[in-house]
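Coordinate analysis (summary)
Residue strings, one per chain:
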Amino acid sequence: MCDIPKPKMRGLLAAQIRRHVIIASLFAFSNAMAYKVFVADKRKQIMRDYYLDYDPDVSFDQMRKHMESTGSWKPGK
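Note that the structure is a prediction, hence the values are computed from the model and not measured.

For the rest of this paragraph, the subject is the packing of aromatic side chains. Considering all chains together, one arrives at three aromatic pairs under this definition. When the ring of Tyr50 is compared with that of Tyr51, the centres are 4.9 Å apart and the planes differ by 80°; the resulting orientation is edge-to-face. On the basis of relative accessible area, Tyr51 is assigned to the partly exposed category, the value being 49%. Geometrically, the ring pair formed by Tyr51 and Tyr54 is edge-to-face, given 5.4 Å between the ring centres and 80° between the ring planes. On the basis of relative accessibility, which here comes to 34%, the residue Tyr54 falls in the partly exposed class. Pairwise contacts between aromatic rings join Tyr50, Tyr51 and Tyr54 into one cluster.

There is a patch of nonpolar side chains on the surface, built from Phe29, Met33, Val37 and Phe38 and spanning about 430 Å² of accessible area. Examined against the element boundaries, Phe38 turns out to sit in helix H1 (residues 12-52). On the accessibility criterion, Phe38 (58% relative accessible area) is exposed.

Let's shift gears to the environment of Thr70. Residue position: Thr70 is located in helix H2 (residues 56-70). Judged by its relative accessible area of 49%, Thr70 falls in the partly exposed class. Each C-alpha atom, one on Thr70 and one on Pro7, is 82 Å from the other, the two residues being 63 residues apart in sequence.

Among the secondary structure elements, Ala24 is positioned in helix H1. Ala24 sits in the partly exposed class, given a relative accessible area of 44%. A sequence separation of twelve residues divides Ala24 from Lys36, and the C-alpha atoms of the two residues are 18 Å apart.

In this section: the pattern of salt bridges. Scanning all chains against the criterion turns up three salt bridges. Between Asp41 and Lys36 there is a salt bridge, with the nearest N and O atoms lying 3.4 Å from each other. For the salt bridge of Arg64 with Asp61, the shortest nitrogen-to-oxygen distance reads 3.7 Å. With Arg64 and Asp61 both in helix H2 and three residues apart, this pair spans about one turn of that helix. A relative accessible area of 24% places Arg64 in the partly exposed class. Overall, the relative accessible area of 32% leaves Asp61 in the partly exposed class. Sharing partners across several salt bridges, the network here consists of Asp61, Arg64 and Glu68.

About the thresholds
Residues numbered from 1 in each chain as written. Predicted model: local features only at pLDDT ≥ 70, side-chain atom pairs only at ≥ 80, totals over all residues. Heavy atoms only, no water. Phe/Tyr/Trp six-rings, centres within 6.5 Å; stacked < 30°, edge-to-face > 60°. Buried < 20%, exposed > 50% of the residue type's maximum accessible area, 1.4 Å probe, protein only. Patch = residues over 30% accessible without salt bridge, like charges linked within 9 Å, V, L, I, M, F, W, Y side chains within 5 Å. Areas by Shrake-Rupley, 256 points an atom, 1.4 Å probe, with all protein chains shown as cover. Salt bridge = Lys/Arg side-chain N within 4 Å of Asp/Glu carboxyl O. Helix = DSSP H or I, 4+ residues; strand = E, 2+ residues; numbered from the N terminus.

So this is what it looks like as structure tokens:
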């Protein structure tokens, strides 16, 4: 007769869970790095470029002129 080896049933679930946790961790880490590189770093660069030539005094003057033209600016209050 042909001897067929018995299947390994003991510890099968623990091994499968361990493998799936490792794969899920690698997947989560790779997605986090991809988000950082492709989204967060680009946002940082856009904000850095915006504030590089940002002048708050000019922005305030533009806001004040707009508010004076609409009548919502009350000087001295």
